Amino acid sequence: MDIERRENPLKKESWRTVLTMAYQSLGVVYGDLSTSPLYVYKSTFAEDISHSESNEEIYGVLSFVFWTLTLIPLLKYVFIVLRADDNGEGGTFALYSLLCRHARVSTLPNGQVADEELFEYKKDVISSANKGLGLSLRSTLEKHRLLQRILLILALIGTCMVIGDGVLTPAISVFSAVSGLELSIKREHHQYVEVPVACIILVFLFFLQHYGTHRIGFLFAPVVITWLFCISAIGLYNIFHWNPHVYQALSPYYMYKFLKKTQKGGWMSLGGILLCITGSEAMFADLGHFSQLSIKIAFTFVVYPSLILAYMGQAAYLSKHHIIESDYRIGFYVSVPEKIRWPVLAIAILAAVVGSQAIITGTFSIIKQCSALGCFPRVKIIHTSSKVHGQIYIPEINWTLMLLCLAVTIGFRDTKHISNASGLAVITVMLVTTCLMSLVIVLCWRKSVLLALCFIVFFGFIEALYFSASLIKFFEGAWVPVALSFIFLIVMYVWHYGTKKKYEFDVDNKVSIQWLLGLGANLGIARVQGIGLIHTELVSGIPAIFSHFVTNLPAFHQVVVFLCIKSVPVPHVRPEERFLVGRVGPKKYRLYRCIARYGYRDIHMDDVEFEKDLVCSIAELIRSEAPECDVKMEDFEDDERMTVIGTTSTNTRGIKLCEDEDNLSEATSAVELREITSPKVQKKKVRFLVPKSPEIDPSVQEELQELMEARESGMAFILGHCYVKAKSGSSFIKRVVIDILYDFLRRNSRAPTYALSFPRASTLEVGMIYHV
């Protein structure tokens, strides 16, 4: 369904499909946002203010909650930010990806002009149609490397805060849900019960990640719907039973009265009020799994009114209960009728688990994006569902989040400090989104700079007010997301910097084609049977790692493929545009280059299918190439001509590769070129099935036969094992970054997925020191 929607953007979905996705989005997207009534009032009235019999504080807080929910999630996200999708994908990196393409400020070093011909790249018309200030802003960004680095760091800060939110949201959601136990036990004892129960639930939650959300996901939407029904019904009951006139507090005048009366205390309490929009960013981040319309319908007609009723109901109850035994009993559960308190507690715990699940899954997804774009060390990514796109599990990140989450829960042991930390993380992500959106309005939507300024001033002012209220509580818990983000930011930037320097070394030390082609006579190089896959990050030229290999072992395979597997700044690359294939040198040398392109949300193919597609793409290049296009050795240059070729499944009229285990029933309409067998050694039978066409040129047939023989002999994967060191004369900071930090990350990161998929017996690692 997602793929069909991406390929047919103009095809309108039926209302049944939209409503079905809206129902599903309630469980995936809104679990975190819907559980915020558990802790907003309790965090707001923690210490900074207390409500009096005049009810000005209660009404003021309700007014702030109402207008914050209306302006940020409803107006900003639903009506504006959701429109800034990157080919159906959302999140911080989606905005950064849009800016990279429209302003050409991408930090991916191996970008090519051919990437701009991709379908999803071209769907957003990239032109210099900006005028006046918009055009000057774009040219300024493209010229100044410093501004590009600032833009990257801004995107990374937003990403790091999302990861920090992945630590804090499960802690505060689960802890607030189990806080209902405090009404049944003494205050001095409730921490000894709540903390262990919360920790047990958290361990269970992170343990479930291994099984994948698709196995327990069918419960998500019913749980959230039941929870929303409960809080809205309780809210309605409290409104009519305790204070039907509480609707008057929706007037913005009560915000003014609140700040005028409470002054500094009221300003500091804004850090608790902003928790009412926790999870709003998920509407944008999870856009790739649903449609804009479905997310808008779910929030506007279900989530938003339910939350408003819940907050109004709590305010109505508190407005008639000024004398409460203890301040800690001002939370959500005190307003729940006693007869249904235990069932509501059970539903709240389930809803908290669902809300936490959504942010954990979102953290996995954003780390996968960062890793694909070279901004995070490689980690093990497990796809937990073969049917639902984007459901992944990362063991290292899962257990790291669990340990940090338990540390926060045990360390603080109350919602006050955890809410201070969570509030700062939430509002920082929103500020980053506001800044990037203002650039998107000018550079991508080509609207006036004045409109972008209005957007950033209006929403930026509101968010800056909340940010200042959260930052003032730095030493009361708000330091946690700052510390976590700082650590992750260092990891991400060091990895990005080291990867970029390594690529620059490859570019500076690549070998000319003429040098390689002239080696045969000088060194007596032999050609052995089989296909040699030389992995390289380069998109042109011969990598230094190959010259290092050849000069030390003067032999290479009869067919050599320089393979580059790279990510491009779009979420998905269509299978029919997967490969860029070209020759390296004249035909007789049988040297090819193959660039496999993936989007930052794409799933890499398994090794068997990938090998077949790779060989077929080279065979298709050989078949489709004109016989007279051969280039003489002395005229050859490094800039090879590349041809776009799709995967075997999409290239229905192209060459098919059939092996022993394949079903050949589909070959009835094709011409069998050749079948190779050996009477002595039983080899894998390989044949190319060529579509019926005019007579094949003898040279093409000869080259295809040689490729078949090489495929039968097997594939060898030559992988560079690089030791990156700072070159002599480097500054102290650079030596620390490269020799210590980047080296540590490199040694502890995973090997590339495609390298792990090849059998170890067929893999040859070539060691080389890179002085960067």
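Summarised in this report is the structure supplied together with it. Residue positions are given per chain, counting from 1 as you read along its sequence in written order. The predicted nature of this model means local features are confined to residues of pLDDT at least 70 and side-chain atom pairs, given and counted, to a pLDDT of 80 or more, with totals for whole chains, interfaces and linings taken over all residues. Based on all heavy atoms of the structure, the side-chain values leave hydrogens and waters out of the count.

What follows is about the overall build of the protein. Strands are runs of DSSP state E lasting at least two residues, helices are runs of H or I lasting at least four, and both sets are numbered from the N terminus onward. In terms of regular secondary structure, the protein is built from 28 helices and twelve strands. For the exposure calls, accessible area comes from a 1.4 Å probe over protein chains only, and a residue counts as buried if that area is under 20% of its type's maximum, exposed if over 50%, partly exposed in between. In the protein, buried positions account for 56% of the 772 residues. When checking whether two residues touch, look at their non-hydrogen atoms; a contact exists if any pair is within 4.5 Å. Contacts spanning at least 24 positions in sequence make up 84% of the contacts within the protein whose residues lie at least 6 apart.

Looking now at the nonpolar core. Counting residues in each nonpolar core, the largest one holds 164 residues, and the members touching the most others are Tyr30, Leu69, Trp227, Phe299, Tyr311 and Met437. Tyr311 has contacts with Ser36, Pro37, Val40, Tyr41, Leu62, Val65, Leu69 and Cys276, leaving out every residue within four places of it along the chain. Within the second largest apolar cluster, 30 residues are counted, among which are Phe546, Val550, Val584 and Met768. Definition used in this section: a nonpolar core is a set of buried Ala, Val, Leu, Ile, Met, Phe, Trp, Tyr and Cys residues joined via side-chain atoms within 4.5 Å.

Looking now at the sheet that holds strand S12 (residues 763-771). One open sheet accounts for seven strands, arranged S7-S5-S6-S4-S3-S11-S12; its pairing is mixed. The open sheet has two edge strands, strand S7 (642-645) and S12, and neither has a second partner. The average angle at which neighbouring strand axes cross in this sheet is 25°, direction not considered. Pairing between two strands is assigned when DSSP locates at least 2 bridges connecting them. Bridge analysis of strand S5 (residues 579-583) against strand S6 (residues 591-599) gives five bridges, and the strand direction is antiparallel. From the neighbouring strand, Arg583 faces S6, where its bridge partner is Tyr592. Lines fitted to the C-alpha atoms define the axes, with helices restricted to the stretch that makes contact. Angles between their N-to-C directions range from 0 to 180 degrees.

The patch calculation keeps residues exceeding 30% relative accessible area without a salt bridge and links them within 9 Å when they carry like charges or within 5 Å when they are nonpolar (Val, Leu, Ile, Met, Phe, Trp, Tyr). Here the accessible surface of atoms and residues is derived via Shrake-Rupley with a 1.4 Å probe, and residues count as covered only by protein chains that are part of the display. Any carboxyl oxygen of Asp or Glu that lies within 4 Å of a side-chain nitrogen of Lys or Arg is treated as forming a salt bridge with it. The grouping of Phe486, Ile487, Ile490, Ile740 and Leu741 at the surface amounts to a nonpolar patch, some 460 Å² of accessible area in total. For the nonpolar patch, the elements supplying multiple residues, two or more each, are helix H21 (479-508) and helix H27 (732-748). At three residues, H21 tops the list of elements feeding residues into the nonpolar patch. You can see Phe486 is positioned in helix H21. Residue Phe486 is classed as exposed on the basis of its relative accessible area of 52%.

Attention shifts here to unusual backbone geometry. Of note, the phi angle at Gln263 is positive, near 50°, even though the residue is not glycine. The residue Gln263 is located in the loop between helix H13 (253-262) and helix H14 (264-273) in this model. Within the chain, Arg446 stands out as a residue other than glycine whose phi angle is a positive 55°. Along the chain, Arg446 turns up in the loop between helix H19 (415-443) and helix H20 (449-471).

For the pair helix H17 (residues 341-372) and helix H18 (residues 395-412), the least separation of the axes is 10 Å and the interaxial angle reads 130°. Classified by the interaxial angle, the pair formed by H17 and H18 is oblique. Crossing geometry of H17 relative to H18 is assigned as right-handed. Across the interface between the two elements, Thr363, Phe364 and Ile367 of H17 pack against Ile397, Asn398 and Leu401 of H18. The classification used treats Ala, Val, Leu, Ile, Met, Phe, Trp, Tyr, Cys and Pro as nonpolar, Asp, Glu, Lys and Arg as charged, and all other residues, Gly among them, as polar. When grouped by side-chain class, the residues that make up the contact of H17 with H18 number four nonpolar, two polar and no charged. Any angle between 65 and 115 degrees counts as roughly perpendicular, while under 35 counts as roughly parallel, over 145 as roughly antiparallel, and the rest as oblique. What makes a crossing left-handed is the near helix being turned counterclockwise from the far one by less than a right angle; a clockwise turn instead makes it right-handed.

What follows deals with the pattern of salt bridges. Across all of its chains, the model carries 13 salt bridges by this definition. A salt bridge links Lys76 to Glu463; the shortest N-O distance between them is 2.6 Å. Here Lys76, found in helix H5 (residues 56-79), pairs with Glu463, found in helix H20; they are 387 residues apart in sequence, far enough to count as distant. The exposure classification of Lys76 matches that of Glu463, with both residues buried.

The next thing to look at is the environment of Val429. Along the chain, Val429 turns up in helix H19. Using a relative accessible area of 5% as the deciding quantity, one classes Val429 as buried. With residues near it in sequence (within four places) discarded, Val429 still touches Gly158, Met161, Val162 and Glu281.

What follows concerns helix H9 (residues 145-178). Multiplying 1.5 Å by the helix residue count minus one yields the expected span of that helix. Counted at 1.5 Å a residue, the expected span for H9 with its 34 residues is 50 Å, and the 50 Å between its end C-alpha atoms agrees. Throughout, the bend at a residue refers to the angle made by two axes, fitted to the seven residues ending there and to the seven starting there. Where H9 bends most, at Leu168, the angle is about 30°, and the proline Pro170 comes one to four residues later. Counting buried residues along H9, 26 of its 34 residues qualify, which places the element largely inside the surrounding structure.

So, on to the environment of Ser448. If you trace the backbone, Ser448 turns up in the loop between H19 and H20. With relative accessibility at 42%, the residue Ser448 sits in the partly exposed group. For the pair Ser448 and Leu133, spaced 315 residues apart in the sequence, the C-alpha separation amounts to 8.3 Å.

Another aspect to go through is the state of the cysteines. Disulfides are defined as cysteine sulfur pairs within 2.5 Å. Evaluation of the coordinates by the stated rule reveals zero disulfides. In this structure Cys444 is not part of a disulfide, and its nearest cysteine sulfur, from Cys100, lies 9.8 Å away.

Another point: the packing of aromatic side chains. Each Phe, Tyr or Trp ring, with Trp reduced to its six-membered ring, pairs with another whose centre is within 6.5 Å; inter-plane angles below 30 degrees give stacked pairs, above 60 give edge-to-face pairs, and intermediate values give tilted ones. Tallied over the entire structure, the rule returns 20 aromatic pairs. Judged by centre distance (5.8 Å) and plane angle (45°), the ring pair of Phe299 and Tyr304 falls under tilted. Accessibility classification places Phe299 together with Tyr304 in one group, the buried group. Taken together through their ring pairs, the aromatic side chains of Tyr59, Tyr253, Tyr254 and Tyr256 make up a single cluster. Sitting over the ring of Trp445, Arg83 keeps its end group 4.7 Å from the ring centre. Here, a charge over a ring is recorded when the distance from Lys NZ or Arg CZ to the ring centre is within 6 Å and its angle to the ring normal is within 35 degrees.

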